[in-house]
Amino acid sequence: MKGYEYHKPQTVKEAIDLMEGLENAKYIAGGTDVMVLIRQKKLVPARLISLRNIGDLNYMETEGGLRIGSAVTHNSIAKNDFVQRRYSALADAAKKVGSLQIRNVATMGGNICNAAPSADTACPLLVLDASVIIAGKTGEREMSLDDFFLGPNKVALEKGEIVKGFTMPAFGENTGSAYFKHTRRQAMDLPMLGVAARVTIDIGGSEVGCKDAFCTVDSISNILKRLEDEKLVCEDVRIAMGVVAPRPIRARKAEEALKGKVISEKLFEEIGEIAASESQPRDSIRGEAWYRRDMVKVLTKRAILKAVDRVIRPDDTIWPDRLW
Amino acid sequence: MKKEITFTLNNEKVIVEVDPKWTLLYLLREVFEMTGTKEGCGYGECGACTVIIDGQAVNSCLYPVMEAEGRQIVTIEGLMTKDGDLDPLQKAFVDEGAVQCGFCIPGMIMSSKALLDEKEKPTEDEIKESIEGNLCRCTGYVKIIDAIKTVADRR
């Protein structure tokens, strides 16, 4: 293997200055992508600039929204109670990446900047309206994550720029989110499909919630049927899909069709159909296009139902996920 | 090209000259000749190279050696008790018949050790999660999970 120098800057500025002055250098954070590429000889850098020791990239703030530094590992996101509760889709995704050994070192920034169409945390960040904070030589700029993805493994970063972190707005108690990853085995697999949804329900001042005794043992479908008379309206919704296009995408037509409507399981099925018509999956080693398109229907419905479930039954994780 | 780094290896402070292109796995096996930690795939897929860094299970085959500076690293060799006995976890693996060819076992033990250090009484799901990154082609995992459970139950 050809050698490389290894730099360990302590600040963002130091890292950017290093990158500017050095030829054929590459940033490395957790290294679970970069080191694999180096070992496969697909990447032959002369220098690596480590972002692992920069304190400014390793923060998690929860006041008035959620701000996560790019060097935060998947495991610390998955284990965070606040993220699990208020930004559930992100916790769902962070929990499902690779294996525990990978999640202990792999960073959020790395997952997003690598910009694989299958990046697990991309869909949740899209539905949670995340924006990206980018630090460069001339200062910082902010852009929405939707604009940040340009194509497979391409993001809107200029040479030398570093993603500092991600910012998400605050959501009320009437908002729930979920991410579903479809794989052939439970761990250590890339998704053949990933779907995230965020739903905000208009509760009109009253308290939504399932209160009867069956709540803890019943499926969300049955609970929705019992709540039919309350005419719960979907105030806002986001749906994002991974692996069905060159980059993670939003299902905008499906979102439009759901926004402002009274929620019901039947409607979610239609939304799934619309989302499937918006997807452009292709045949690959992990699954065929027709199968993926069919599964978009199923997973979209599932993700919306789970998001609604989390609004209606926030305290209980009762209905076991395994039954899904 | 060589650089000097200092870190704690199995509770002993070590100072060693390394080439920045090495991985932690290379340093452990080729320089310290601690061959308990195995190289399986070399790409972070199989978990045979798992070591514990600052209390967390990590794939040493993807770990740049320069990042070891100042960290606490424990390998399978570090589990031996002072009088040369096996760790209770290792004993449980032997007693339950969880070892067949044995190649994945150092990784399995380091992954489950990290879990047992963190949680007093892990659930079966947590045990499965802790070894989800460790591939075993012999046992079918059942006896490995049993072995980890017996250690947790005995506490």
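## Looking at the overall build of chain B
A tally of regular secondary structure across chain B gives five helices and five strands. Secondary structure elements of chain B, listed N to C terminal, follow the sequence β-β-α-β-β-β-α-α-α-α. Compactness check: chain B gives a C-alpha radius of gyration of 15 Å against a globular reference of 15 Å for 155 residues, within 12% of the reference. Principal-axis analysis of the C-alpha atoms places the extent of chain B at approximately 50 × 30 × 25 Å. A buried classification covers 44% of the 155 residues belonging to chain B. Across chain B, contacts joining residues at least 24 apart in sequence account for 58% of those joining residues at least 6 apart.

## Digging into the overall build of chain A
Counting secondary structure elements, chain A contains 13 helices and 14 strands. For chain A, the C-alpha atoms occupy an extent of roughly 65 × 45 × 30 Å along the three principal directions. Residue burial in chain A is summarised as follows: out of 324 residues, 48% are buried. Contacts in chain A between residues at least 24 apart in sequence constitute 70% of all its contacts with a sequence separation of at least 6.

## Focus: the sheet that holds strand β4 (residues 56-59) of chain B
Residues and elements named next belong to chain B. Overall, mixed pairing links the five strands, which are arranged β2-β1-β5-β3-β4 in an open sheet. Looking at the sheet topology across the chains shown, the edges are occupied by β2 (12-18) and β4. Neighbour-to-neighbour, the strand axes of the sheet open up by a mean angle of 40°, direction not taken into account. Both strand β3 (residues 50-53) and β4 contribute to a ladder of four bridges, which runs antiparallel. Bridge pairing links Ile 52 to Ala 57 in β4. Contacting β3 and β4, helix α3 (residues 105-118) runs over the sheet at an angle of about 30° to β3.

## Here we look at the interface of chain A and chain B
Tallying the contact residues gives 23 residues for chain A and 23 residues for chain B. Listing elements by their share of the side of chain A that touches chain B, those giving two or more residues are β1 (5-7), α2 (34-39) and α6 (100-103) of chain A. A per-class count over the side of chain A that touches chain B returns ten nonpolar, nine polar and four charged.

## Here we look at helix α12 (residues 265-278) of chain A
The first and last C-alpha atoms of α12 of chain A sit 20 Å apart over 14 residues, in line with the 20 Å expected at 1.5 Å per residue. Looking at the packing, one finds that the buried side of α12 of chain A touches β13 (233-242), α11 (252-258) and α13 (289-312) of chain A.

## Some details on the pairing of β2 of chain B
Residues and elements named next belong to chain B. In terms of strand pairing, strand β1 (residues 3-9) meets β2 through seven bridges, oriented antiparallel. Pairing of Ile 5 across the sheet is with Val 16, part of β2. Linkage of β1 to β2, two consecutive antiparallel strands, is achieved through a turn of two residues, within which Asn 10 is found at a positive phi near 50°.

## Description of the domain arrangement of chain B
All names here are of chain B. When the domains of chain B are assigned, the result is domain 1 (3-78) and domain 2 (88-154). Once you take the C-alpha centre of each, domain 1 and domain 2 turn out to be 21 Å apart. Counting from both sides, the interface comprises 14 residues of domain 1 and, opposite them, 13 residues of domain 2. Of all the elements in the fold, those that place two or more residues in the side of domain 1 that touches domain 2 are β3 and β4. Residue contributions to the side of domain 1 that touches domain 2 peak at three residues, all from β3. Among the residues making up the side of domain 1 that touches domain 2, the classes are represented as seven nonpolar, six polar and one charged.

## Structural notes on the nonpolar core
Residue and element names in this part refer to chain A. Leu 90, Cys 123, Val 195, Ala 196, Ala 197 and Ala 303 are the most contacted members of the largest nonpolar core, which has 141 residues in total. The biggest single contributor to this core is α13, with nine residues. What Cys 123 contacts, discounting residues up to four positions off in sequence, is Ala 93, Tyr 179, Gly 194, Val 195, Ala 196, Ala 240, Met 241, Gly 242 and Pro 248.

## Things to note about the environment of His 7 of chain A
Residue and element names in this part refer to chain A. If you trace the backbone, His 7 turns up in strand β1. Once the C-alpha coordinates of His 7 and Val 105 are considered, the two residues, 98 residues apart in sequence, prove to be 18 Å apart. In contact with His 7, not counting residues within four places along its chain, are Leu 18, Arg 47, Leu 48, Ile 49 and Ser 50.

## Describing the domain arrangement of chain A
Residues and elements named next belong to chain A. In terms of domains, chain A is made up of domain 1 (5-50), domain 2 (56-168) and domain 3 (175-323). Here the C-alpha centre of domain 2 lies 19 Å away from the C-alpha centre of domain 1. Sorting elements by how many residues they give to the side of domain 1 that touches domain 2 places helix α1 (residues 12-21) first, with five residues.

## Here's the deal with the sheet that holds strand β12 (residues 193-202) of chain A
All names here are of chain A. What the four strands build is an open sheet, ordered β11-β12-β13-β14; its pairing is antiparallel. With one partner strand each, in any of the chains shown, β11 (175-182) and β14 (249-250) form the two edges of the open sheet. When β13 meets β14, the two strands line up antiparallel, connected through two bridges. By the bridge assignment for β14, Met 241 is matched with Ile 249. Against the sheet, helix α5 (residues 88-96) contacts β11 and β12, and its axis sits at roughly 25° relative to β11.

Rules of the game
- Residues numbered from 1 in each chain as written.
- Chains lettered and ligands numbered in written order.
- Predicted model: local features only at pLDDT ≥ 70, side-chain atom pairs only at ≥ 80, totals over all residues.
- Helix = DSSP H or I, 4+ residues; strand = E, 2+ residues; numbered from the N terminus.
- Rg over C-alpha atoms; globule rule 2.2 N^0.38 Å.
- Buried ≥ 20, exposed ≤ 12 C-beta atoms within 10 Å, placed from the backbone.
- Contact = placed C-beta atoms within 7 Å.
- Pairing = 2+ DSSP bridges.
- Axes fitted to C-alpha atoms, helices over the stretch in contact; angles between N-to-C directions.
- Nonpolar A, V, L, I, M, F, W, Y, C, P; charged D, E, K, R; others polar.
- Expected span 1.5 Å × (residues − 1).
- Domains from an automatic or database assignment.
- Core = buried A, V, L, I, M, F, W, Y, C linked by C-beta atoms within 7 Å.

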